[in-house]
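What follows is the residue order along each chain.
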Amino acid sequence: MKWRKKKDEGRQRESLAASGGLRGLVPTPTTLRPLTKAQETFRGLLAKVESLRESIDGEEEELDATLSFYAAEIVPRLTRHAALQKELVRALAPYANKTFFPRKQERLELRELIQEFLNEIAKTENGLTDSDLREIYGTVHGVDYAERERQTLATVKEALIKMFAEVGIEADLSELESATSEADFMAKSEELSARVRRMKQAEMEAAHCGETGHHSTDNEQLRAAEEFRKRSIATIYKQLARDLHPDLERDRERQKQKIELMQELTVAFRENDLHTLLRLEMQWIEKEGGDVERLTEEKLDVYNEFLTRQVEGLEQRLRDLIFRPRYRSILIWENRLAKTMDGPKKKRELDDRISSVERSIHLLEAATTADGVRAAVGPFLREAEYPQV
């Protein structure tokens, strides 16, 4: 799996840093020679990059563990719960009539309960696909399910158009026309929504740049800075590539070391990873007995600028981890704040609800009176009357 590969690469990076490369890279103050401002900044940025990488690796590991728990423990229970709810709805539907419940209030309560079950089934399965459940839906709601689908899809389209308008873009919903089902339509809608959210995020970042004096309209300046950054990283890469090229080394052991370093160097260059390039540079300087003080103030100023950007990018990546599409199923909102699902708690809740539905089905099989039906679904009627908050 890709995420496991990333974890392994992260651990290799930490191992190399711990072996001495990073210690040699970080300037150390002495009594006679305190650190300059640039060195202090450099020191802090390096530590921040390493800390953020560790945080990202740790957060990804936790999210992947929750996702694995969700797939192994939650999905089967959701499927079982939906299947039992279908069975219960089919068992309840014949009782929602004047013959069995003459009192209008009792019929209304039973209809609302069936509606609630159908809504939960549709949410779990992204729509109602069973024809008999669609028919029951029409009976208890007083509206054909196909009509309800059209109304829902129209509402979703309106919401998407509004989202696009907020970022100043004309909505193009043509890809929704190819949806073959309500579930497919909702999935495509979510993709469009995610796209708009990214646009809004970019707009917010641009506004922030404006507030801090970095104007998004200065395209020429931004392009120049990017080109300068690429040239500087390329310079470090070329310099190290000459020193580390294994074909120029006759000693077999040193050649093996250079092959490993060259591989990491190439990956770091491809990913524009200044932090790793610097660490490799200092590792080689130390190994060769060179002067680690060759990092001049001018060099440090350039490196600090790039490391600052790398820190900002890693911070953004850490904030956005939970919103990756792969984690959508374990993302919940609480008081407008995003958080991950508490897997064990959700498992217990589903087990309780599955047991309750099973009990109700069992009691309904033996029910012959209105009182028997009420007793069978009593717990669910109380839930509807006193919903959880």
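1. With respect to the overall build of the chain
When you go through the chain residue by residue, the secondary structure sums to 12 helices and two strands. Starting at the N terminus, the α and β elements of the chain follow one another as α-α-α-α-α-α-α-α-α-α-β-β-α-α. Scored against the burial criterion, the 389 residues of the chain give a buried share of 36%. Long-range pairs, those at least 24 residues apart, make up 66% of the contacts in the chain between residues at least 6 apart in sequence.

2. Observations concerning helix α4 (residues 131-141)
For an α-helix the count is 3.6 residues per turn, leaving residues at separations of three or four pointing the same way. Those residues of α4 that sit buried are L133, I136, Y137 and V140. Buried residues in α4, looked at end-on, bunch into an arc of 110°, giving them a common side. In this structure, α4 carries S131 and E135 as exposed residues pointing more than 90 degrees from its buried face. Packed against the buried residues of α4 are α2 (37-92), α3 (104-125) and α5 (145-166). Note on α4: the residue one or two positions beyond its end, G142, has a positive phi of about 75°.

3. A look at the nonpolar core
Most often, soluble globular proteins have nonpolar side chains that are buried together. L265, L274 and L307 are the most contacted members of the largest nonpolar core, which has 39 residues in total. When contributions to this core are tallied by element, the ones reaching two or more residues are α2, α7 (219-244), α8 (252-270), α9 (274-287) and α10 (297-320).

4. Topic: the pattern of salt bridges
Under the definition given, this model contains 18 salt bridges. Taking the shortest distance from any N to any O, the salt bridge between E106 and R103 comes out at 3.7 Å. One salt bridge connects E334 with K339, and the closest N-O pair in it is separated by 3.6 Å. Residue class for E334 comes out partly exposed when judged on its relative accessible area of 41%.

5. Some thoughts on the confidence of the model for the chain
With 70% of its residues at a pLDDT of 70 or more, the chain has an overall mean of 77. The secondary-structure element of the chain with the lowest mean pLDDT is helix α1 (residues 2-25), recorded at 44, while helix α11 (residues 343-366) shows the highest, at 95. Across residues 1-7, where pLDDT falls below 50, the model places six contacts with residues more than four positions away in sequence or in other chains. Counting interchain partners and residues more than four positions distant, the pLDDT-below-50 stretch residues 210-218 has six contacts.

6. Some details on the pairing of strand β1 (residues 331-334)
Inspection of the sheet shows β1 paired to strand β2 (residues 337-340) by four bridges, in the antiparallel sense. Paired with E334 across the two strands is L337, which belongs to β2. With antiparallel pairing between neighbouring strands as the criterion, β1 and β2 make up a hairpin whose turn holds two residues, including N335 at a positive phi of roughly 55°.

7. Details of the packing of α2 against α4
Two elements in contact, α2 and α4, have axes separated by 11 Å at closest approach and are oriented at 55°. Here α2 lies oblique to α4, going by the angle between them. Along this stretch, α2 crosses α4, giving a crossing that reads as left-handed. For the pair α2 and α4, the contacting residues are K86, V89 and R90 in the first and D132, L133 and I136 in the second. When grouped by side-chain class, the residues that make up the contact of α2 with α4 number three nonpolar, no polar and three charged.

8. Focus on the packing of aromatic side chains
On inspection of all chains with the given rule, the structure shows six aromatic pairs. Between Y137 and Y145 the ring centres are 5.0 Å apart and the planes differ by 85°, which places this aromatic pair in the edge-to-face class. Through a chain of ring-to-ring contacts, the aromatic side chains of Y95, F100 and F101 assemble into a single cluster.

9. Considering α10
For α10, built from 24 residues, the straight-helix expectation of 34 Å at 1.5 Å per residue is met to within 8% by its first-to-last C-alpha distance of 34 Å. What α10 keeps buried is the set L300, V302, Y303, N304, F306, L307, Q310, V311, L314 and Q316.

10. Some remarks on the environment of F101
In this fold, F101 is placed in the loop between α2 and α3. The spatial distance from the C-alpha of F101 to the C-alpha of D371 is 9.8 Å, given a sequence separation of 270 residues. Each residue touching F101, except ones within four places of it in the same chain, is listed here: Y95, E106, R107, L110, A370, V373 and R374.

11. Let's talk about the environment of A96
Looking at the secondary structure, you find A96 in the loop between α2 and α3. By relative accessible area, A96 is classed as buried at 12%. Between the alpha carbons of A96 and E109 there is a distance of 9.3 Å; along the sequence they are 13 residues apart. Among residues more than four places away in sequence, those in contact with A96 are L110, R111 and I114.

12. Observations regarding the side chain of Q39
Along the polypeptide, Q39 turns up in helix α2. Its relative accessible area of 11% is what places Q39 among the buried residues.

13. Focus on the packing of α2 against α10
Helix-helix packing is described using two parameters, namely the angle between the two axes and the distance between the axes. The geometry of α2 relative to α10 is characterised by a closest axis approach of 9 Å and an angle of 25° between their N-to-C directions. One way to sum up the angle between α2 and α10 is to call them roughly parallel. The crossing of α2 and α10 is left-handed. Considering only residue class, the contact of α2 with α10 consists of 13 nonpolar, six polar and eight charged.

What counts and what doesn't
Residues numbered from 1 in each chain as written. Predicted model: local features only at pLDDT ≥ 70, side-chain atom pairs only at ≥ 80, totals over all residues. Heavy atoms only, no water. Helix = DSSP H or I, 4+ residues; strand = E, 2+ residues; numbered from the N terminus. Buried < 20%, exposed > 50% of the residue type's maximum accessible area, 1.4 Å probe, protein only. Contact = heavy atoms within 4.5 Å. Arc of directions from axis to C-beta. Core = buried A, V, L, I, M, F, W, Y, C linked by side-chain atoms within 4.5 Å. Salt bridge = Lys/Arg side-chain N within 4 Å of Asp/Glu carboxyl O. pLDDT = per-residue confidence, 0-100. Pairing = 2+ DSSP bridges. Axes fitted to C-alpha atoms, helices over the stretch in contact; angles between N-to-C directions. Parallel < 35°, antiparallel > 145°, perpendicular 65-115°, else oblique. Left-handed = near helix turned anticlockwise from the far one by under 90°. Nonpolar A, V, L, I, M, F, W, Y, C, P; charged D, E, K, R; others polar. Phe/Tyr/Trp six-rings, centres within 6.5 Å; stacked < 30°, edge-to-face > 60°. Expected span 1.5 Å × (residues − 1).

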